[in-house]
Amino acid sequence: MSLLPSRFIYLSADFRFYIENHTRNPDDLSRKQVRIYQLYSRTTGRHVQILGKKINANGDDGGKYALLVVETETFGSHIRIKGKESEHYICMNEKGKIVGRPDGRKQECVFVEEFLENNYTALVSAKYKGWYLGFNRKGRPKKGSQTTQRQQEVHFMKRQPKGVVDPLEEFRFTTVTKRTRRARRLKPSSKRN
């Protein structure tokens, strides 16, 4: 029986296999993260709202149906999106149609977040590869089979509910111009006199 060198074991370790299996069948011990935010649709300029079985992208900023509870598993970026008010999940059926369901435990209700270069987020179905959550200009859901990552219809931005301050926004940075430099130089000298 020959033993393999230890460096071979490190090179052949592939954790993607473990993560894929874990996200498909998560156990009850995994820690779930729950966040509340809104999804701003790039095409409509409004927010995704879950009205029960019907879902659209015509919600107002801070509207009760636009508040979404997003459940994230520990591994990967697999999420389930539930309406806070309606308590229905966003799901995609086998025809690619976007529907709201009260039970979000099925694989049809799991989406994978893809972070895009333009700072938007796309949500692709975990069950139906290449099918994205998307809405047309009127705010109606698009079929998953008619979507691609490059379309504006599938681009979303996560936003805090109206009135809630994002912790990162509390620290605002200002640009320094010649005028602000001059004002800073004048302030200390005026205090000395």
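As named in an unreviewed UniProt entry, the protein chain is Fibroblast growth factor, taken from Acanthochromis polyacanthus. In its Subcellular location (unreviewed entry) section, the UniProt record describing the protein chain reads: "Secreted". What UniProt states about the protein chain under its Sequence similarities (unreviewed entry) heading is, verbatim, "Belongs to the heparin-binding growth factors family."

**As for the pattern of salt bridges**
Applying the stated criterion across every chain, the model contains four salt bridges. Of the charged contacts, one joins R46 and D60 as a salt bridge, the two residues approaching to 2.0 Å between their closest N and O atoms. With R46 in the loop between β1 (33-41) and β2 (47-50) and D60 in the loop between β3 (55-59) and β4 (68-72), the pair connects residues that are 14 residues apart, well separated along the chain. A salt bridge links K158 to E113; its shortest N-O distance comes to 2.7 Å. Residue K158 is found in strand β10 (residues 156-159), and its partner E113 is found in strand β8 (residues 111-115); the two are separated by 45 residues along the sequence.

**So, the state of the cysteines**
Per the stated rule, a full pass over the model turns up one disulfide. Paired by a disulfide, C91 and C109 hold their sulfur atoms 1.9 Å apart. Here the S-S torsion is close to 90°, and the disulfide linking C91 with C109 is therefore right-handed. With C91 in strand β6 (residues 89-92) and C109 in the loop between β7 (98-101) and β8, this residue pair connects regions lying 18 residues apart in the sequence. Residue classification places C91 among the buried residues on the basis of a relative accessible area of 0%.

**So, the environment of Y128**
Mapped onto the secondary structure, Y128 falls in the loop between β9 (121-125) and β10. With 16 residues separating them in the primary sequence, Y128 and G144 have C-alpha atoms 8.4 Å apart. In contact with Y128, not counting residues within four places along its chain, are M92, N93, E94 and E108.

What counts and what doesn't
Residues numbered from 1 in each chain as written. Predicted model: local features only at pLDDT ≥ 70, side-chain atom pairs only at ≥ 80, totals over all residues. Heavy atoms only, no water. UniProt positions renumbered as here; feature names shortened; annotations may be inferred. Salt bridge = Lys/Arg side-chain N within 4 Å of Asp/Glu carboxyl O. Helix = DSSP H or I, 4+ residues; strand = E, 2+ residues; numbered from the N terminus. Disulfide = S-S within 2.5 Å. Buried < 20%, exposed > 50% of the residue type's maximum accessible area, 1.4 Å probe, protein only. Contact = heavy atoms within 4.5 Å.

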